[in-house]
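Each chain, letter by letter, is given below.
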Amino acid sequence: MVLLHQKGPSRKRPPSTFISPFPPPKIPKPPTTTTTTTTRSTDTPTVDNSTRDSANDDREGYMDKMVSLLADAECTLINLTGPPCLPSDLHKFRRHLQRLFSSDSTLRSHFLSGYYSYIQNPGHLHRVLIPCYQNGLGSTKRESLTRILLLVPSIQLELQNMLLEKLPEYFDVDPVDCHSSSLDEDVARLIINHFRWLDFLVDSKVFTDKLLQVLSICPLHLKKEIIGSLPDIIGDQNNKAVVDSLEQMLQEDSSVIVPVLDSFSNLKLDDQLQEQVITIALSCIRTIDSEHLPNLLRFLLLSATPLNVRRIIYQIRTQLKFIGLSNSRAMQHKKLKGKALVDSSEASILDALKSSLRFKNTLCQEILKELRCLDKAWDHKVIDIWLLMLIYMSSEQLRKSVEKILRKKIVEGLIQEGLFDQCIRGNKELVQDYFPSFVSLSEHLLACKEQKARNFGMHIYTALFEEFSDTCSRQEVLGALVTHVGSGISFEVNSALETMVFLASKYSQELVRFSYHINGILDYLEAFSNENLHKVYEVFSHLALSARSGIDPCASFIANELLMIVRKQVSNPDLKYKKMGLIGTLKIVSCFGSADITICPSASEKSNIEEALELLKASTDSCKLLPLPLILFYDELITTLENKVLHPAIMEWIGKHVGEFESMFLADLEGGNLPCIDSYGGLEGELWMNLDGDISPICLNVLPLASSSFQSPSSLQVLPVNFLLLSVIERLANQGSLGGIDALLGCPLHLPSSKYFTERAWQSLSGKQKKIVCLSLFYAANWTRELLNVFCTQVAGNPEYTSQATREELIGKLSKRLRNLVFLECLLDHFLKSYSLSLPELQLHTEYLVHAEKKNEHKRLHASSTSKNNKKDKKISKDSVNGSSQKHKQPTIIDVLKKAGSVTSEEVPDKDTPKQSTSETAECQNSDPQPANVDVSAVYKVLEAQRHKFRPLRIYSFSILEFTKNQDSCCTDPSAELPLYLYLVRDLHYKLDCFSPPNKLLSSKCLSCPPGLSKMTVYEFLRKIDSLFPVLKKHFSSAISIIDEGTETCEEHWKVQSDLAGNPYIPGFFVPKSSVSCSFCKEILSCIGKMLSLPDIHMNLSVLSNLLEAFQPVKISDSIFSNAQEIPSPGNLEYLYCGSYSFLEEVLDIAICSSFVLASEVLFTLESIVNSVHKYLDTVVEGNGKNIHTGRGFVRAVLPTLRNRLGNSALNILRHDWDDNNLVNDWKGKGDIVQKVLRIFLEYSESTSDLLDELACSILPQVKEIVLLEKSKEGVQPENVKSILIKVQQSVNVVVSLVNMCRTHDKVAVHAMTVKFGGKFVDLFLKVFDFLQTHFKMHNGLIIRLVKELQKATRTIQTLCSEAKGLKQTSITSKIPATKRSMERFLFQVKALLHTASSGCTFWMGNLKHKDLMGQVVSSQAYDDDRNDPTDEHHMEAGVENQSVASEEEVTEKN
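Calculation notes
Residues numbered from 1 in each chain as written. Predicted model: local features only at pLDDT ≥ 70, side-chain atom pairs only at ≥ 80, totals over all residues. Heavy atoms only, no water. Helix = DSSP H or I, 4+ residues; strand = E, 2+ residues; numbered from the N terminus. Buried < 20%, exposed > 50% of the residue type's maximum accessible area, 1.4 Å probe, protein only. Contact = heavy atoms within 4.5 Å. Areas by Shrake-Rupley, 256 points an atom, 1.4 Å probe, with all protein chains shown as cover. Salt bridge = Lys/Arg side-chain N within 4 Å of Asp/Glu carboxyl O. Core = buried A, V, L, I, M, F, W, Y, C linked by side-chain atoms within 4.5 Å. Axes fitted to C-alpha atoms, helices over the stretch in contact; angles between N-to-C directions. Parallel < 35°, antiparallel > 145°, perpendicular 65-115°, else oblique. Left-handed = near helix turned anticlockwise from the far one by under 90°. Nonpolar A, V, L, I, M, F, W, Y, C, P; charged D, E, K, R; others polar. Polar contact = N/O pair within 3.5 Å; in protein donor to acceptor, adjacent residues only side chain to side chain. Expected span 1.5 Å × (residues − 1). Arc of directions from axis to C-beta. Pairing = 2+ DSSP bridges.

(A) Here's a closer look at the overall build of the chain. Of regular secondary structure, the chain possesses 66 helices and 12 strands. Counting the 1455 residues in the chain, one finds 53% classified as buried. Considering only contacts within the chain whose residues lie at least 6 apart along the sequence, 77% involve residues at least 24 apart. Summed over all atoms, the accessible surface of the chain reaches about 67,100 Å², with 52% contributed by carbon and sulfur.

Listed below in structure tokens is the structure:
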């Protein structure tokens, strides 16, 4: 400082004008001259010259002082060669200026005035803004002079204002030149750059306000520069003003969004400002350009916190219109036709989302939570699919979660295929990077058990194949499908092949070049089911057809290889391979021989028609002597003819082939009678069921052909399917009419004489003759079935080609033929009870499970037959031994089926020997029931075991239900049609079982669907029977009226109608009308329950609505709507539910007075309606949201009422005083029904626990037979702890009471259920131990009593386990390990509870004497140690597997 004072006076200062301190050339004059010139040029004539000169002199004086002051501080301002020269010590320089300005305000004012005057010159301003040289540092550039002066506190604010005021003078700079020039040449950017990273701000608020004012008028390029630099300029102060100002700017111009977001990101904001910033950013999603969306999304996601992340995700999902971008991109893609797209905003958005999700893994979890909460289909958007795909691609740990969410939403119908279409179709470039993820997700969906999920996977595969035409992508898709085909999982293989069929039918030419990758499927044909074999051959048939028509000669190998494989399979004697060849043949014929195929092969090859005809001829020749393969061939050919229009040449050949039908199966008549009466196998024959009388020219030759079947394979096996093929050809040739073969409907059947069907005559027949008789009836029944199938097509739906007279005649004959069928099957079932026979198959079943069951059945029956013949004299002793050994034997599946009446024994004698005949006669005498007891309407239990061998009734046959005759008579059913309708309804029930097997047990009727249903979906089946619902209701009401009136049996009508139908009179066959009515109603109710339980019916509301609408009462009870605020209009689905329920309640009132079984079935149907209401409530329906919410609100209001009414209905059944007249076979076999009724009563009552307590402790001990019920897991939420403990105590009382019932009932099934469900209850009880421990101090007495009470049950269960091991009761021992583990956990939990609580209770352990259920000590294991005798009353056990004793523990209270 001293040096400065000494150095200052040595400088020469001009008295009036500025004189440079440097040697000449002097530079003050040019600036002065320039300034003067400028001033003169801008002065106006009105300004006085003296005033102007005075102002100039003042400015020059201030400038001189400023320069002098800087010179005193060793700063050379005037430097013509460049910027000013700064002193070497800048900190000393700033301190010196600060000291001068703070001590002398006048000096400070003069300096600022001089500096202001100096920078008025653009050149001077530029010089003070560019970096300067420092003395002593050579040519090194450092800070600018202005930058140094801004760090002087006393003049900082004024300098900032000066620079900001100068900024508008440079707004007109071209932004292009600005970005292309360097920073030193852009004055505006230089000024802004001087404000950045200052060490301090003297008055940040004033400076910020001034800066924001200037910012509001800046041009766009400079505004972006300043906004992006705001965090570096103002630091962490005045953030509120900055945020508000930037928000205002965004509202005025959204193009500044990127620098604004950068500024927001770099500002240190408090929580309130951060939320404001998030709100600002969210409001911009809809308004900003798509090119800025990536930055905005990245900012939002990276700014997310646990408090606002759900809000951010929700706003992004709802406001981001990603679908619009995709659609515009798709349109642009179509216009450019493959050219590269310039706009890549979608890809940038996805990249921004992907990078944000990878950077913040918690975002993935929150997105998944948000998507899980969506429960409406219309809430899901395209962006949701992309978010799932990004998470699936980015996070390996969350892949399973994404798959689970997507599958669940697809199955529930919340995510539709259209969302994926918008993602994939038209967005090839966008999807390219995510292609592997889409394929991987498709693989998962196609492997799901749910059909909807698999359909979705198929759709994605198809979309990917269609959108990506490059070889690599398509090869990847096909490779994934081939992998699915090789998985071996039936439903996965089926869906994959279905996808390949679609691709092959639509893109066969494109698939030819990939044939090398899919040819391997042909190596695994043996593992495919029939349905999948159809798909495989269809795929390769399309490929072969395209290959034969292609110009590439190398591609023809596909067709050659396929034809070679099929020919080898057809000629193979093994049925398995022949079946494959026949299916392949018909698929090739349907493809090669289609009438609309115009593709021709090369000249050197045979035509497609020739190849098809050759295959047909070869297949027919190979099956001539094999009935089952020929049946399969005809069935497949019929399916092909019904679905494809074949070439006339092929149709001509098939017509000639079936023309042999008459010579093979028909015989001529003379005057309606046989020309001669011959004996066949010792049996006389006669004509049965002649509907045409004397004018009938032909008859079906059943008996002669059946008797000749012992020498050669019977052609009668092929008769039904051959006739069906003949009818299809006839129908196709005559526009649907069957007039050319209508004589077959009324022609009689040549069958054994009716005299053989009396008891004495039947016993006199030999085994061979009995077999001929049974086979004749079997073939006659199946012939009749096909007559119904064929000719019902002529009357169903009022076809145009059938006149009214012909239609009425056909209806009459069809009704008679149905009566013939019922009679034949009843007769056959009756005589098969006394003569066991394995009927021949009339349709080929090749599924593995059916073969396995048959194999086991044949093996067992063969052993049984051998035992009968060889050890007949020891039958009584053997039965006694078996009786004791079978008591504890684990039942097999076949045993269960036999017990249920689904399996019969089989005995097929090789030859008729006197010994066998004697044995069979004796057997018939012992087991043949009296003919007078044959009920025509009863279930044919013997036939049901072999029902899969019959030809199926097709859906057209149900049209007979519509042809009723209204006659005035003495009874409600004068035409005795109800037994016929019962037969049809039972068949309908059987078909419904094919779509939904009633249980997990394997049964022959549930293992494979009939050919008529094998290719039909549930929806298609329901649509076809839709028209039957009103007819079923009509017959149901008629049957209910018969039950209500209690009319007596009118057998005369049945006899009259049977005679009119041509049935021979056989004494003893009758139809009890009351039994028929109850059975018919029961079957109708079962069908309704099955249909309501089908999952597909809730996805097709039209079918559901029609079903409910058919069963409506005359008036719905008002009590059903008691809790509903608004009743829907009639016709709405919600109203129809209530109507159907009310209708069945009226039926229940009638059924309770007549039949326990019928009343129970009505109750089960009511429960099906309630369950269907639950499913409907959970189903999301597309449409008007307001109407949906109104309907759902009504359902929620009325559902509790329906549940309460259902519980009351069950109570009425349980309380009804049933007499013997209301029961069939007393209570035998009714245990399961009682159990279901009791379960409904408990489940749908208000207080389940109270009812359980009452039943278990008061009612059930008085009942001889009890049913152990699994405790419902649903509980009532009580208001306090004590009420909870009381509920638990009630549950424990129930279990203890039920378990103790085993002491007086020795049924193994009851003991097994006790061990199983007792262990499950202990597991449930263990889950409340944390609750017990928490409240033990306050309720220790109640909890201890609770535990000690449960001891009684566990002690009994322990005893049951010990006895089961000793008696080797496998049905119980299989459940012991799990139950023992549960009781051991219970033991240690109690010990831990008492140890932790330390409430004065002791817990000790001892040995327990081994006692039986009656409390007696087992003598073989008695011991002398009586230390624990006093404690024998209350104990808990821990099972010890290696010892015969159990450890004992007791909970006692200290006195």
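(B) Examining unusual backbone geometry more closely. Unusually for a residue other than glycine, Met689 sits at a positive phi of about 55°. With respect to the helices and strands, Met689 occurs in the loop between strand E5 (683-688) and strand E6 (698-700). On the basis of relative accessible area, Met689 is assigned to the buried category, the value being 1%. For Gln735, which is not glycine, the phi dihedral falls at a positive 55°. The topology assignment puts Gln735 in the loop between helix H39 (719-733) and helix H40 (743-746).

(C) Summary view of the environment of Ser1154. In this structure, Ser1154 sits in the loop between helix H56 (1133-1152) and helix H57 (1156-1178). For Ser1154, a relative accessible area of 19% gives the class buried. Residues Ser1154 and Cys1078, spaced 76 residues apart in sequence, show a C-alpha to C-alpha distance of 8.8 Å.

(D) How the structure looks around the pattern of salt bridges. Evaluated as defined, the whole model comprises 40 salt bridges. With a closest N to O distance of 3.4 Å, Lys813 and Glu809 form a salt bridge. You can see Lys813 and its partner Glu809 sitting in helix H43 (residues 804-832), 4 residues apart, about one turn around the helix. By relative accessible area, Lys813 is classed as buried at 13%. On the basis of relative accessible area, Glu809 is assigned to the partly exposed category, the value being 46%.

(E) The arrangement of the nonpolar core in detail. Counting residues in each nonpolar core, the largest one holds 375 residues, and the members touching the most others are Leu296, Leu300, Trp386, Leu744 and Phe791. Those residues in contact with Leu296 that sit more than four places away from it in its chain are Ile257, Leu261, Ala281, Cys284, Ile285 and Ile288. Among the nonpolar cores identified, the runner-up in size contains 37 residues, and Val1292, Phe1325, Leu1350 and Leu1394 belong to it.

(F) Main features of the packing of helix H10 (residues 187-195) against helix H12 (residues 220-234). Viewed as axis vectors pointing N to C, H10 and H12 meet at an angle of 15°, and their least axial separation amounts to 9 Å. As the angle between them shows, H10 and H12 are arranged roughly parallel. Along this stretch, H10 crosses H12, giving a crossing that reads as right-handed. Contacts from Ala188, Arg189, Ile192 and Phe195 of H10 reach H12 at Leu222, Glu225, Ile226, Asp232 and Ile233. In the contact of H10 with H12, the residues fall into 6 nonpolar, no polar and 3 charged.

(G) A look at the side chain of Asn782. By the secondary structure assignment, Asn782 is in helix H42 (residues 767-791). From its side chain, Asn782 meets the backbone oxygen of Phe778 in a polar contact 2.8 Å long. Ignoring anything within four residues of it in the chain, the contact list for Asn782 reads Pro720, Leu842, Phe950 and Arg951.

(H) Examining helix H35 (residues 627-643) more closely. Taking 1.5 Å of rise per residue, 17 residues should cover 24 Å, and H35 covers 24 Å from first to last C-alpha, within 8% of that figure. Counting buried positions along H35 gives 13 out of 17 residues, so the element sits mostly inside the fold.

(I) Main features of helix H13 (residues 239-252). For H13, built from 14 residues, the straight-helix expectation of 20 Å at 1.5 Å per residue is met to within 8% by its first-to-last C-alpha distance of 20 Å. If you check which residues of H13 are buried, you get Asn239, Val242, Val243, Ser245, Leu246, Met249 and Leu250. For H13, the arc enclosing every buried residue in end-on projection is 165°, short of the 170-degree limit, so these residues lie on one face. Among the exposed residues of H13, those oriented more than 90 degrees off its buried face are Gln251 and Glu252. In this structure, the buried residues of H13 make contact with helix H11 (204-216), H12, helix H14 (257-266) and helix H15 (271-283).

(J) Fine view of the pairing of E5. Looking at chain direction, strand E4 (residues 679-680) and E5 are connected through 2 bridges and run antiparallel. Residue Ser679 lies in a different strand from E5, and its bridge partner there is Glu684. As consecutive antiparallel partners, E4 and E5 are separated by 2 residues, and within that stretch Gly681 has a phi angle of approximately 65°, a positive value. Pairing geometry for E5 and strand E7 (residues 749-752), over 4 bridges, is antiparallel. In the strand pairing of E7, Trp688 is matched with Leu749.

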